[in-house]
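Structure at a glance
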Amino acid sequence: MINYTEKIPNNVDLGRDRVLQRALEHWQPAYLSWWYDMGPTESNAYEVYLRTAISVEPDGWAQFDYVRMPEYRWGIFLQPRDEKRQVNFGVHKGQPAWQEVPGEYRSILRRIIVTQGDTEPASVEQQRMLGMSCPSLYDLRNIFQVNVEEGRHLWAMVYLLHRYFGRDGREEAEALLARRSGDTDNPRILGAFNEPTPDWLAFYMFTFFTDRDGKFQLCALAESGFDPLSRTCRFMLTEEAHHMFVGETGVGRIIQRTCEVMKEHKVDDPAGVRALGVIDLQTIQRYLNFHYSVTLDLYGSDVSSNAANYFTTGLKGRFRETKLEDDHVLHDASYPVYEVAGNKIIAKQVPALTALNERLRDDYIGEIEDGVARWQRVIDTAGIPFRLTLPHKGFHRAIGNFAGHYISPEGEVLTEEAWKNHEAEWLPTPQDYAYVQSLMSDCVVEPGKFANWIAPPIRGINNQPLNFQYVRFN
Ligand SMILES: [Fe+2]
Ligand SMILES: [Fe+2]
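None of the values given here were measured: they were computed from a predicted structure. (Residues numbered from 1 in each chain as written. Chains lettered and ligands numbered in written order. Predicted model: local features only at pLDDT ≥ 70, side-chain atom pairs only at ≥ 80, totals over all residues. Heavy atoms only, no water.)

Observations regarding the pattern of salt bridges
- Counted according to the given criterion, the structure contains 34 salt bridges.
- A salt bridge links R179 to D118; its shortest N-O distance comes to 2.7 Å. Placement of R179 in the loop between helix 4 (166–178) and helix 5 (200–222) and of D118 in helix 2 (residues 106–126) is noted, with a sequence separation of 61 residues between them.
- By relative accessible area, R179 is classed as buried at 12%.
- Judged by its relative accessible area of 2%, D118 falls in the buried class.
- Across the pair R374 and E248 runs a salt bridge, and its minimum N-O distance is 2.5 Å. Within this pair, whereas R374 is found in helix 10 (residues 356–381), its partner E248 is found in helix 6 (residues 227–265), the two being separated by 126 residues in sequence.
- The exposure class assigned to R374 is partly exposed, which follows from its relative accessible area of 35%.
- By relative accessible area, E248 is classed as buried at 17%.
- In this structure, a network of salt bridges that share partners links the residues D118, E125, R179, R180 and R188. (Salt bridge = Lys/Arg side-chain N within 4 Å of Asp/Glu carboxyl O. Helix = DSSP H or I, 4+ residues; strand = E, 2+ residues; numbered from the N terminus. Buried < 20%, exposed > 50% of the residue type's maximum accessible area, 1.4 Å probe, protein only.)

Looking at the pairing of strand 4 (residues 344–351)
- Sheet analysis places strand 3 (residues 334–341) next to strand 4, joined by eight bridges and oriented antiparallel. Bridge pairing links Y335 to V350 in strand 4.
- The hairpin turn running from strand 3 into strand 4, its antiparallel successor, is two residues long, and G342 in that turn takes a positive phi close to 65 degrees. (Pairing = 2+ DSSP bridges.)

Quick notes on the coordination of the iron ion (ligand 2)
- Here the iron ion (ligand 2) is held by the protein donor atoms E150 (OE), D211 (OD), E240 (OE) and H243 (ND1), which lie 1.8 to 2.2 Å from it.
- Between consecutive donor residues of the iron ion (ligand 2), the sequence gaps follow E-x60-D-x28-E-x2-H.
- Taken as a pair, the iron ion (ligand 2) and the iron ion (ligand 1) show a spacing of 3.5 Å, with E150 coordinating each metal. Linking E150 in helix 3 (residues 137–164) with E240 in helix 6, this pair joins segments that are 90 residues apart in sequence. Both residues of the pair, E150 and E240, belong to the buried class. (Donors = N, O, S within 2.8 Å, 3.2 Å for Na, K, Ca; no water.)

Honestly, that's just the spatial picture; any functional story needs more than this.
See the structure below:
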């Protein structure tokens with residue numbers, strides 16, 4: 001169980017390490033002041049029906065109750081230690097998993113933790129205005145749940161920095177509260193986390209696409225030979241599943257509502273669909289293209305010596321590393337990556353060690369394809385002849401082999417001019433954003449009511465009915 005009697009709830013016996021406890025108690029007010037500044041706008045007095053982690057056991061880990069978000073029990077929860085765990089890949093394969101940071105890997109490990117940690121508060125900042133335009137109390141509660149858990153994920157990474165990296169770690173923990181998403185002088189580290197999340201369609205796309213990148217990064221870090229990182233990430237993954245659920249069902253419900261209205265009124269042209277107050281499928285496709293492509297960039301360069309290094313040193317594994325059947329060293333293995341040669345995209349075999357970013361990206365794409373197929377089923381069930389497609393992975397990329405090239409969603413290599421001529425068909429335009437935001441000018445707060453542009457979910461949270469008072473305003 002998690003000890004809630006302490007100021008900082010934890011299952012790491014924080015009370016026995018006074019120095020660490022004091023350092024974290026010093027960071028806590030700074031965190032809260034960040035929350036007051038950058039957390040969900042005007043929400044401090046709301047009572048929200050939230051789940052809080054009370055245990056790290058797979059069954060019964062969460063408890064639901066009304067909580068004011070600034071009073072959420074953020075804390076430090078690690079999956080229990082497996083005494084027999086080993087480093088499972090790379091040159092240290094077979095050694096006992098590290099309980100302390102190996103000296104020679106200290107700076108790269110710190111960088112990995114900081115980069116992961118930075119994404120957590122960034123997404124809270126990106127989403128902070130959305131509570132003002134929620135489509136229902138159910139959805140409002142869900143975004144707040146995602147926000148408080150991203151806050152807890154920041155705590156998880158900050159614990160590692162404080163506990164294992166001394167003074168450097170404390171400085172990094174402060175810097176995590178100082179950067180701001182989209183800030184020109186002090187932005188968040190990764191590109192997608194500096195993009196605005198201006199509306200609820202963008203929010204659901206973000207939680208479907210970008211939180212899933214989070215999942216894959218956490219899965220790779222959960223394989224780490226540095227055991228405290230592994231145990232931290234494993235517990236974070238239990239929370240992450242709900243974020244992706246919110247995204248997938250959110251987009252699915254928007255698609256469903258659009259299809260219902262299209263059928264009922266027998267309209268299919270985008271202008272006619274918009275006139276009925278729902279989001280046309282073409283706009284949904286453009287949002288999908290945008291969020292997919294900026295999220296693919298988060299995996300980094302297709303060929304990367306850093307990625308090889310993280311693996312060889314045992315710090316970051318592959319997706320489901322221990323379930324893979326190979327030597328877990330990858331000295332002689334190869335893996336295909338793609339590059340642009342003239343006006344063609346060609347496959348090239350490279351050493352598998354250098355292609356680990358690409359491999360993780362491909363694992364991710366597999367899961368994305370399944371989710372998009374489930375959205376497609378909603379359209380097919382309604383009998384509407386429209387296909388949602390994932391663009392080619394070279395489309396609209398800013399990092400890796402495709403950066404600087406102009407690839408169409410179908411995977412053709414175009415000139416800049418030809419690509420720009422089609423940009424408004426492929427990516428959301430200012431008019432698209434303006435239209436979507438025009439649907440979301442105010443908040444739907446009557447229990448059981450949903451905005452016109454989104455279908456209700458199939459069921460409520462924690463077996464509560466759809467007309468449950470998921471948020472109480474005070
Ligand atoms: Fe997270
Ligand atoms: Fe998340």
